[in-house]
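Below, each chain spelled out in residue letters.
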Amino acid sequence: MSTHAAARVAAPTRREQILREAARLFAERGFHGVGVDEIGAAVGISGPGLYRHFPGKDAMLAELLVGISERLLEGGRLRVAEDADRGDGSPEALLDALIEGHIDFALDDRPLITLHDRELDRLRDTDRKRVRRLQREYVEVWVGVVRALYPALPENQARVTVHAVFGLLNSTPHLAPPDARPNREATAVLLHRLARGAFAAAADPS
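Computed from a prediction, not measured in an experiment: that's the story for all the values here. (Residues numbered from 1 in each chain as written. Predicted model: local features only at pLDDT ≥ 70, side-chain atom pairs only at ≥ 80, totals over all residues. Heavy atoms only, no water.)

## Details of the packing of helix 4 (residues 57–86) against helix 7 (residues 125–149)
For step 1, the next point in the chain: With their axes 9 Å apart at the nearest point, helix 4 and helix 7 run at an angle of 20 degrees to one another. By the angle between their directions, the pair helix 4 and helix 7 is classed as roughly parallel. You can see that helix 4 and helix 7 cross each other, and the crossing is left-handed. On the side of helix 4, the interface is formed by A62, L65, V66, S69, E70, L72, L73, G76, R77 and V80, while helix 7 contributes D127, R130, V131, L134, Q135, E137, Y138, V141 and V145.
For step 2, the next point in the chain: In terms of residue class, the contact of helix 4 with helix 7 is made up of 11 nonpolar, three polar and five charged. (Axes fitted to C-alpha atoms, helices over the stretch in contact; angles between N-to-C directions. Helix = DSSP H or I, 4+ residues; strand = E, 2+ residues; numbered from the N terminus. Parallel < 35°, antiparallel > 145°, perpendicular 65-115°, else oblique. Left-handed = near helix turned anticlockwise from the far one by under 90°. Contact = heavy atoms within 4.5 Å. Nonpolar A, V, L, I, M, F, W, Y, C, P; charged D, E, K, R; others polar.)

Okay, structure coming up:
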């Protein structure tokens, strides 16, 4: 098992548990609708006990939004590096890997998408700018892969298409209730097909 895979299956730390429950509660009730005591209760510690891990809710929100932007960028760069190390990779397979990685995020971390949409402006200016910079770098990882697969697609159009695909994949918080939508595997397959279709349509000059 790779180090990356092992990290994914390791038991979450207390800090990670706090962040996960904070993300869920912030997404459900809004940042100002959740108190420190409620977050503490969700992980089985007192509200004041949270201050051993975070100075306050603002710090939790910043770590959540900066953290997911860092993880997406690192994951994208890792996939590109692994493809280069193999030596026999293809732009198509690499694009599929990027899409699969983002779908995992979109299906498994939906509260973070909601938080980004609702609460990004609550971050300090420096944290907000950092999130935006990380996101731009993540987009450029995708643009490079898309243009390797579709070299005739102008760079500006590739960039617009990447943003559009992110909008498609990040729509998962608005999906129907679990009992009214396909299971996770079928949803992932459908999202992947839609994303590939968007890139193919953008590259089709007809």
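## Here's the deal with the layout of surface pockets
For step 1, the next point in the chain: The volume enclosed by the second largest pocket comes to roughly 420 Å³.
For step 2, the next point in the chain: Along the walls of the second largest pocket sit 18 residues, with L72, H116, Q135, F166 and N170 positioned nearest its centre.
For step 3, the next point in the chain: Those elements that place two or more of their residues in the lining of the second largest pocket are helix 4, helix 5 (91–108), helix 6 (110–119), helix 7 and helix 8 (155–169).
For step 4, the next point in the chain: Element by element, the count of residues in the lining of the second largest pocket is highest for helix 7, at five residues.
For step 5, the next point in the chain: Partitioned by chemical class, the residues of the lining of the second largest pocket number nine nonpolar, six polar and three charged. (1 Å grid on protein atoms, 1.4 Å probe; cavity = no way out; pocket = protein on both sides within 12 Å on 5 of 7 lines; lining within 4 Å. Points joined across faces, edges and corners; volume = space filled by probe spheres on them.)

## Points about the nonpolar core
The nonpolar side chains of soluble globular proteins are, as a tendency, buried together.
For step 1, the next point in the chain: Of all hydrophobic cores here, the largest spans 56 residues; its most connected members are F26, I39, M60, W142 and F199.
For step 2, the next point in the chain: When contributions to this core are tallied by element, the ones reaching two or more residues are helix 2 (14–29), helix 3 (36–43), helix 4, helix 5, helix 6, helix 7, helix 8 and helix 9 (184–203).
For step 3, the next point in the chain: The contact partners of W142, leaving out residues within four places of it in the chain, are L95, L98, I99, H102, V162, V165, F166 and F199. (Core = buried A, V, L, I, M, F, W, Y, C linked by side-chain atoms within 4.5 Å. Buried < 20%, exposed > 50% of the residue type's maximum accessible area, 1.4 Å probe, protein only.)

So, to be careful, I would describe these as geometric facts and stop short of saying anything about function.
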